[in-house]
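Next come the chains, spelled out residue by residue.
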Amino acid sequence: MSGVGTSGQVLTSGGAGVLPTWASSSGIATVTGQIVTATGAFTYTPTASMKYVIVELLGAGGGSGGVDGNLSGPASSGTGGAGAYAKFILTAAQVGASLTGSVGAGGAGGAAGANNGGNTTLATTAAWTAAGGALGLGTTGTTTPNPILGGSGGTNTTGTGTILVNMPGGAGGPAYNAAATQNWVMVGKGGDSFYGSGAKGFVVTAGSVAGTTGTGYGSGAGSAYDLSTNVDRAGGAGANGIAIFTEFC
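Below is a short write-up of the structure. (Residues numbered from 1 in each chain as written. Predicted model: local features only at pLDDT ≥ 70, side-chain atom pairs only at ≥ 80, totals over all residues. Heavy atoms only, no water.)

What to know about the overall build of the chain
Right, on to step 1. Along the backbone of the chain there are one helix and 23 strands.
Right, on to step 2. When each of the 249 residues of the chain is scored for burial, the buried share is 44%.
Right, on to step 3. Carbon and sulfur atoms form 58% of the exposed surface of the chain, whose accessible area is close to 10700 Å². (Helix = DSSP H or I, 4+ residues; strand = E, 2+ residues; numbered from the N terminus. Buried < 20%, exposed > 50% of the residue type's maximum accessible area, 1.4 Å probe, protein only. Areas by Shrake-Rupley, 256 points an atom, 1.4 Å probe, with all protein chains shown as cover.)

Points about the sheet that holds strand 20 (residues 208-209)
Right, on to step 1. Taking strand neighbours across the sheet as the criterion, the three strands line up as 7-22-20 in an open arrangement whose pairing is antiparallel. Strand pairing shows two members of the sheet lacking a second neighbour, strand 7 (74-76) and strand 20, which therefore form its edges. (Pairing = 2+ DSSP bridges.)

Here we look at the pattern of salt bridges
Right, on to step 1. This structure, assessed with the given rule, holds one salt bridge.
Right, on to step 2. A salt bridge links D192 to K189, with the nearest nitrogen and oxygen atoms 2.4 Å apart.
Right, on to step 3. In this structure D192 comes out as partly exposed when scored by relative accessible area, which is 38%. (Salt bridge = Lys/Arg side-chain N within 4 Å of Asp/Glu carboxyl O.)

Quick notes on the packing of aromatic side chains
Right, on to step 1. Tallied over the full model, the rule gives nine aromatic pairs.
Right, on to step 2. Judged by centre distance (3.8 Å) and plane angle (5°), the ring pair of Y85 and F194 falls under stacked. Residue Y85 is located in strand 8 (residues 85-91), and its partner F194 is located in the loop between strand 17 (185-187) and strand 18 (196-197); the two are separated by 109 residues in the primary sequence.
Right, on to step 3. Ring centres 5.0 Å apart and planes at 85° place the aromatic pair F194 and Y195 in the edge-to-face group.
Right, on to step 4. In this structure an aromatic cluster arises from ring pairing among F42, Y44 and F245. (Phe/Tyr/Trp six-rings, centres within 6.5 Å; stacked < 30°, edge-to-face > 60°.)

Points about the sheet that holds strand 10 (residues 120-122)
Right, on to step 1. Taken in spatial order, the five strands make up an open sheet running 4-9-10-11-14, and their pairing is antiparallel. On the outer flanks of this sheet lie strand 4 (40-44) and strand 14 (156-157), each paired with one strand and no other.

Looking at a nonpolar patch on the surface
Right, on to step 1. A cluster of nonpolar side chains, namely I28, V31 and Y52, defines an oily patch on the protein surface of about 250 Å² accessible area.
Right, on to step 2. Structurally, V31 is set in strand 3 (residues 31-36). (Patch = residues over 30% accessible without salt bridge, like charges linked within 9 Å, V, L, I, M, F, W, Y side chains within 5 Å.)

Section: the nonpolar core
Nonpolar side chains tend to gather and get buried jointly when the protein is soluble and globular.
Right, on to step 1. Among the nonpolar cores identified, the biggest contains 19 residues, and L122 and F245 are the most heavily contacted of them.
Right, on to step 2. Of all the elements in the fold, those that place two or more residues in this core are strand 4, strand 5 (52-58), strand 8, strand 9 (99-103), strand 11 (128-130) and strand 23 (242-248).
Right, on to step 3. Ignoring sequence-local partners within four residues, the contact set of L122 consists of F42, V55, L57, F88, L90, L99, T100, G101, A127, W128 and F245.
Right, on to step 4. If you look at the next biggest cluster of nonpolar residues, it comprises five residues, including V185, V187, V204 and L227. (Core = buried A, V, L, I, M, F, W, Y, C linked by side-chain atoms within 4.5 Å. Contact = heavy atoms within 4.5 Å.)

Description of the environment of T100
Right, on to step 1. With respect to the helices and strands, the residue T100 is situated in strand 9.
Right, on to step 2. Residues T100 and T45, spaced 55 residues apart in sequence, show a C-alpha to C-alpha distance of 8.8 Å.
Right, on to step 3. If we ignore the near neighbours within four places in the chain, the residues touching T100 are F42, T43, L122 and A123.

Side note on the environment of A75
Right, on to step 1. When you line up the elements, A75 lands in strand 7.
Right, on to step 2. In the structure, A75 is positioned 109 residues away from W184 in sequence and 8.6 Å away in space, judged by C-alpha atoms.

Quick look at the side chain of S77
Right, on to step 1. Structurally, S77 can be placed in the loop between strand 7 and strand 8.
Right, on to step 2. With relative accessibility at 0%, the residue S77 sits in the buried group.
Right, on to step 3. A polar side-chain atom of S77 sits 2.6 Å from the main-chain carbonyl oxygen of G65. (Polar contact = N/O pair within 3.5 Å; in protein donor to acceptor, adjacent residues only side chain to side chain.)

Digging into the side chain of S64
Right, on to step 1. Mapping S64 onto the fold places it in the loop between strand 5 and strand 6 (67-68).
Right, on to step 2. Relative accessible area serves as the criterion here: at 0%, S64 is assigned to the buried category.
Right, on to step 3. There is a polar contact of 2.8 Å between the side chain of S64 and the backbone oxygen of G222.

Comments concerning the pairing of strand 23
Right, on to step 1. Strand 23 sits mainly inside the fold: six of its seven residues count as buried.
Right, on to step 2. With six bridges joining them, strand 3 and strand 23 adopt antiparallel strand pairing. If you follow Q34 over to strand 23, its bridge partner there is F245.
Right, on to step 3. With seven bridges connecting them, strand 5 and strand 23 associate as antiparallel partners. Residue pairing in the sheet places I54 in a bridge with T246 of strand 23.

What follows is the structure, given as structure tokens:
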């Protein structure tokens, strides 16, 4: 054995009766990360020394429906579902020079309906899709009690790599309109995601409010409502998705 080696090398056994030698380390020296929060297309370019990366994809939340306020009775809208969450490992060889993907945008609230949350994707050899949550339906004031179901949570399409977590988004909670003579509504809670909490639900006996957006990423929007004031209210938007890359170099 000679010398003291260089930075990044380790002392490696040569076997019985053979002196050890200095060799380049194959272990992990650093951990770093990249986060994509801007919606739309992106390109993931790995750090040059990356050995493997843990990828997290979260679809966007669905928007809630709007309400057509009228004097017939109370109205609350359907809530948005949350986006799906996928966590998986890719090797440097599976990533290559770069990968393209897209971060889903939250579904917009509707005047008489709503929109699904956008999908968050990554184009590995077999593509990954973390689907956005489903829309909540719009409603009109009514004289009789009626429940309004929330949108369903998104699901994953798995691709290349080793899957660690495959979790659908939470469904939007139900809303409920009481009879006109009772004049109250149960505002529905938006669907919960892995990184976000859907807009809260509660019971209300007066007022007229647009739908609300959840907190964090990928969560669903909560109900809009009108308590017989003849005011139309738009639904709320779902929260945007996110992509996270944790690199081991």
